[in-house]
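Examination of the molecular architecture
So the chains spell out like this:
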Amino acid sequence: MPFCAFNGGADCFVDVGNKGLGLEALLSHIGCGSDGVLHFGDRFTDTGNDAITKRRFSTIWVANPRETMWFIKRILKDLDERA
């Protein structure tokens, strides 16, 4: 099981698993396939926390939450126009 530990002085955490495992568990729980996922991520370096999901799911690379919101609004607008 992959894990990550961080100690930044006043800030300490341990993550067990990764975003890829988390998404797979969620998809299994709700009965959705990977073709129904669009992952937004900002960290795609080899050690970045979005690297695994980039390999398994359709992904949009974003710089910040504002850009994420822009893409979501654009996608919803496009879907609305198709209906």
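What counts, and at which threshold
- Just so you know, the residues in each chain are numbered from 1, in the order the chain's sequence is written.
- At least 70 in pLDDT is required for a residue's local features to be given in this predicted model, at least 80 for side-chain atom pairs to be given and counted, and no such filter applies to totals for whole chains, interfaces and linings, which use all residues.
- Here the side-chain values reflect all heavy atoms present in the structure, with hydrogen atoms and water set aside.
- Scored from 0 to 100, pLDDT records how confident the predictor is in each individual residue.
- Under the DSSP-based scheme used, a helix requires at least four consecutive residues in state H or I and a strand at least two consecutive residues in state E, with every element numbered from the N terminus.
- Each patch is built from residues lacking any salt bridge and having more than 30% relative accessible area; the joining distance is 9 Å for like charges and 5 Å for nonpolar side chains (Val, Leu, Ile, Met, Phe, Trp, Tyr).
- Only the protein chains shown count as cover for residues, with accessible areas throughout obtained via the Shrake-Rupley method and a probe of 1.4 Å.
- For this document, the term salt bridge refers to a Lys or Arg side-chain nitrogen within 4 Å of an Asp or Glu carboxyl oxygen.
- Here's how the labels work: a residue is buried when its accessible area is under 20% of the maximum for its type, exposed when over 50%, partly exposed in between, all with a 1.4 Å probe on protein chains only.
- Two aromatic rings from Phe, Tyr or Trp, using only the six-membered ring of Trp, form a pair when their centres are within 6.5 Å; if the ring planes differ by under 30 degrees the pair is stacked, by over 60 it is edge-to-face, and anything between is tilted.
- One less than the number of residues in a helix, times 1.5 Å, gives the span that helix is expected to have.
- Summarising the geometry, the arc corresponds to the directions from the helix axis toward the C-beta atoms.
- The contact criterion used is simple: two residues touch if any of their non-hydrogen atoms lie within 4.5 Å.
- We define a polar contact as two N or O atoms separated by no more than 3.5 Å, with the added condition that, inside protein, one atom must be a possible hydrogen donor and the other a possible acceptor, whereas residues neighbouring each other in sequence contribute only through side-chain atom pairs.

**Brief notes about the confidence of the model for the protein chain**
Per-residue confidence for the protein chain averages 84 on the pLDDT scale, and 94% of its residues sit at or above 70. For the protein chain, the element scoring lowest by mean pLDDT is strand β1 (residues 3-7), at 71; helix α3 (residues 65-82) scores highest, at 95.

**Brief notes about a nonpolar patch on the surface**
Together, Met69, Ile72, Leu76 and Leu79 line one region of the surface with nonpolar side chains, adding up to about 360 Å² of accessible area. We classify Met69 as partly exposed; its relative accessible area is 43%.

**Section: the pattern of salt bridges**
In this structure the tally under the stated criterion is three salt bridges. As a salt-bridge pair, Asp78 and Arg74 come within 2.6 Å of each other at their nearest N and O atoms. Of this pair, Asp78 and Arg74 both sit in helix α3, separated by four residues, roughly a single helical turn. Relative accessible area serves as the criterion here: at 35%, Arg74 is assigned to the partly exposed category.

**Looking at the packing of aromatic side chains**
Inspection of the entire model under this criterion finds one aromatic pair. With 5.1 Å between their ring centres and 80° between their planes, Trp70 and Phe71 make a pair best called edge-to-face. Among the residues examined, Trp70 registers a relative accessible area of 53% and is labelled exposed.

**Comments concerning helix α1 (residues 19-30)**
An ideal rise of 1.5 Å per residue puts 16 Å on twelve residues; α1 measures up with 16 Å between its terminal C-alpha atoms. Within the span of α1, buried status applies to Gly20, Leu23 and Leu27. Along the long axis of α1, the arc covered by the buried residues comes to 65°, so they all point the same way. Set apart from the buried face of α1 by more than 90 degrees, the exposed residues are Ser28 and His29. Looking at the packing, one finds that the buried side of α1 touches β3 (38-41) and α2 (51-56). One or two residues past the end of α1 sits Gly31, with phi positive at roughly 75°.

**So, the side chain of His39**
The residue His39 is located in strand β3 in this model. Polar contacts involving the side chain of His39 include one to the side chain of Thr53, which spans 3.2 Å.

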